[in-house]
Amino acid sequence: MTGLVQSREVAADSLRALIEVVLRAPEYQARAPRDAWAPVARAWWALLDWVDRLRESNPLGYRAFVWLMVLILAAIVLHAMWIAARTLRAGTAPAPAEPLAQSSIVRDAAWYAREVERLTASGRLAEAMQADFLRFVLELDARRVARFHPSKTPSEYVREADLGDEARRDLRAVVATLYAHVYARVAITPEAWARWRDLASADRYAASH
């Protein structure tokens, strides 16, 4: 009987030892989940505890600390407002003007003469007539017969030109032809175009004095 009891005690001890070995294995070790914010929380509570002790032990230092925090917060807010203002101002500012090209196109009489040739070659006679009129008045300006200005109407050149009666009639015919074909959209025939080129030749016009 005694042997049976001893045998049971040994078996029980062996079972407990086996259970302890199993429970000591890493798979069965209970670990609390790691909190990444735990150091921050501890530092925050330590700061609050320090502030509380400062308030009790040194009221003057506590007030100085509070005012320092207020100034730092105000500086942060002002800096954020400055950054926001700069961002808004940069977003609404006009784009910088493109620098002028070193070789800007000069639209003189020669340039308009080339434009007339280009438009004529493509069959755009109404546009060619407009360009040719600008070539014509620029050449008259060079001859001091009329003063060119982009805001003037064709009729103003007739009134202001320094011409004799016959030349003024020819200039009036130039302007009438321009109005008929460009503004009234009368078709430009080859004959009408040839007559225009003849009338719009600056060599026909000279100052009256």
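**Details of the overall build of the protein chain**
What the protein chain contains, in helices and strands, is eight helices and zero strands. When the elements of the protein chain are put in sequence order from the N terminus, they spell out α-α-α-α-α-α-α-α. In the protein chain, buried positions account for 22% of the 209 residues. Partitioning the contacts of the protein chain with sequence separation of at least 6, the portion at a separation of at least 24 is 55%. Only carbon and sulfur atoms are counted for the fraction: they give 62% of the accessible area of the protein chain, which is about 16000 Å².

**Some points on the nonpolar core**
Of all hydrophobic cores here, the largest spans 33 residues; its most connected members are F133, F136, L140, L171, W196 and Y205. Listed by contribution, the elements that provide at least two residues to this core are α4 (109-121), α5 (125-142), α6 (154-160), α7 (165-183) and α8 (190-199). Apart from residues no more than four positions distant in its own chain, L140 is found in contact with V145, A146, L171, A202 and Y205.

**Notes on a nonpolar patch on the surface**
There is a patch of nonpolar side chains on the surface, built from W44, W45, L47, L48 and W50 and spanning about 550 Å² of accessible area. Tracing the backbone through its elements, the reader meets W50 in helix α2 (residues 38-57).

**Examining the confidence of the model for the protein chain**
Mean pLDDT for the protein chain: 79, with 76% of residues reaching 70 or above. Ignoring residues within four places in sequence, the model shows residues 96-102, a span with pLDDT below 50, making zero contacts including any to other chains.

**Brief notes about the packing of aromatic side chains**
This model, assessed by the stated rule, comprises six aromatic pairs. Between F133 and Y157 the ring centres are 6.1 Å apart and the planes differ by 70°, which places this aromatic pair in the edge-to-face class. Here F133 is found in helix α5, whereas its partner Y157 is found in helix α6, with 24 residues between them in sequence. By relative accessible area, which is 6% here, F133 ends up buried. When its relative accessible area of 4% is taken as the criterion, Y157 is described as buried. With 5.3 Å between their ring centres and 65° between their planes, F136 and Y205 make a pair best called edge-to-face.

**Quick notes on the pattern of salt bridges**
All chains considered together, the criterion is met by 12 salt bridges. Among the salt bridges present, the one from D52 reaches R55, with a minimum N-O distance of 2.7 Å. Residue D52 and its partner R55 are located together in helix α2, separated by three residues, close to a single helical turn. Exposure remark for D52: the relative accessible area of 31% places this residue in the partly exposed category. The class for R55 is partly exposed, based on a relative accessible area of 40%. R197 is the salt-bridge partner of D132, the closest N and O atoms lying 3.3 Å from each other. Of the two residues, D132 sits in helix α5 while R197 sits in helix α8, which places them 65 residues apart along the sequence. Through salt bridges that share partners, D132, R135, E139 and R197 make up one connected network.

**Comments concerning the side chain of H181**
You can see H181 is positioned in helix α7. Note on H181: relative accessible area 10%, which makes it buried. Within the structure, H181 has its side chain in polar contact with the backbone oxygen of V186 (distance 2.9 Å). In terms of polar contacts, H181 uses its side chain to reach the backbone carbonyl oxygen of A187, at 3.4 Å. The contact partners of H181, leaving out residues within four places of it in the chain, are A126, M129, V186, A187, I188 and A192.

Here is what the cut-offs are and how they apply
Residues numbered from 1 in each chain as written. Predicted model: local features only at pLDDT ≥ 70, side-chain atom pairs only at ≥ 80, totals over all residues. Heavy atoms only, no water. Helix = DSSP H or I, 4+ residues; strand = E, 2+ residues; numbered from the N terminus. Buried < 20%, exposed > 50% of the residue type's maximum accessible area, 1.4 Å probe, protein only. Contact = heavy atoms within 4.5 Å. Areas by Shrake-Rupley, 256 points an atom, 1.4 Å probe, with all protein chains shown as cover. Core = buried A, V, L, I, M, F, W, Y, C linked by side-chain atoms within 4.5 Å. Patch = residues over 30% accessible without salt bridge, like charges linked within 9 Å, V, L, I, M, F, W, Y side chains within 5 Å. Salt bridge = Lys/Arg side-chain N within 4 Å of Asp/Glu carboxyl O. pLDDT = per-residue confidence, 0-100. Phe/Tyr/Trp six-rings, centres within 6.5 Å; stacked < 30°, edge-to-face > 60°. Polar contact = N/O pair within 3.5 Å; in protein donor to acceptor, adjacent residues only side chain to side chain.

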